[in-house]
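Close look at the chain arrangement
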Amino acid sequence: LKNKKIVSFAVESPADINGKMISSDAHCCFTCQIKTPIGAFEVHLPIPGEHQLKNALAATAAVYALGIHDIKKIQQGLSQVAPMKRRLNFKTGIH
């Protein structure tokens, strides 16, 4: 990784990209606050699980490292994440 900047990310710890959970909904999907060197934003992650915050931080760090420094585009991308077909889908009724 000569001459490459390493972008760090962490949950509620010092890092280039860090974040925390703010709230959750009835389906265990979370609204998070993510802080970057270019600003902070809130985003609702539409897939369930607390671990999704780490995935969102990793994705944010990756696009930041690639030179995408548009907070609105990063926020929009994260808010539109969808689970793979037949994975993490909610079903109603008795199964």
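Scope of this entry: the structure provided in the associated data block. Treat the numbers as computed from the prediction; the structure is a model and nothing was measured.

**Looking at helix H1 (residues 52-65)**
Relative to the 20 Å expected for 14 residues at 1.5 Å per residue, H1 spans 20 Å between its end C-alpha atoms, a close match to the ideal helical length. Along H1, the positions that sit buried rather than exposed are Gln-52, Leu-53, Ala-56, Leu-57, Thr-60, Ala-61 and Tyr-64. Those residues of H1 hidden inside the fold are in contact with strand S1 (9-11), strand S2 (17-24), strand S3 (30-36), strand S4 (39-45) and helix H2 (71-79). Gly-67, located one to two residues past H1, shows a positive phi value of around 95°.

**A look at the nonpolar core**
One broad trend across soluble globular proteins is that nonpolar side chains are buried collectively. Core analysis: the biggest nonpolar cluster contains 16 residues, and Ile-17, Ile-34, Phe-41, Val-43, Leu-45 and Leu-78 have the highest contact counts within it. Counting residues per element, the ones that place at least two in this core are S3, S4, H1 and H2. For this core, the element with the highest residue contribution is H1, accounting for five residues. Among residues more than four places away in sequence, those in contact with Ile-17 are Val-7, Ser-8, Phe-9, Ala-10, Ile-34, Lys-35, Thr-36, Pro-37, Leu-57, Thr-60, Ala-61 and Tyr-64.

Analysis parameters
- Here, residues in each chain are numbered from 1, in the same order as that chain's written sequence.
- Local features in a predicted model are, by the rule used here, given only for residues with pLDDT of at least 70; side-chain atom pairs are given and counted only at 80 or more, and totals for whole chains, interfaces and linings are based on all residues.
- The side-chain figures draw on all heavy atoms in the structure; neither hydrogens nor water molecules are used.
- Note on conventions: DSSP H or I runs of at least 4 residues are helices, E runs of at least 2 residues are strands, and numbering of each starts at the N terminus.
- Helix span, as expected, comes to 1.5 Å for every residue beyond the first.
- Exposure categories follow from relative accessible area, calculated using a 1.4 Å probe and restricted to protein chains: below 20% of the type maximum is buried, above 50% is exposed, and the middle band is partly exposed.
- Between two residues, a contact is recorded if the distance between any of their heavy atoms is within 4.5 Å.
- Among the buried residues, those of types Ala, Val, Leu, Ile, Met, Phe, Trp, Tyr and Cys that are joined through side-chain atoms within 4.5 Å form a nonpolar core.

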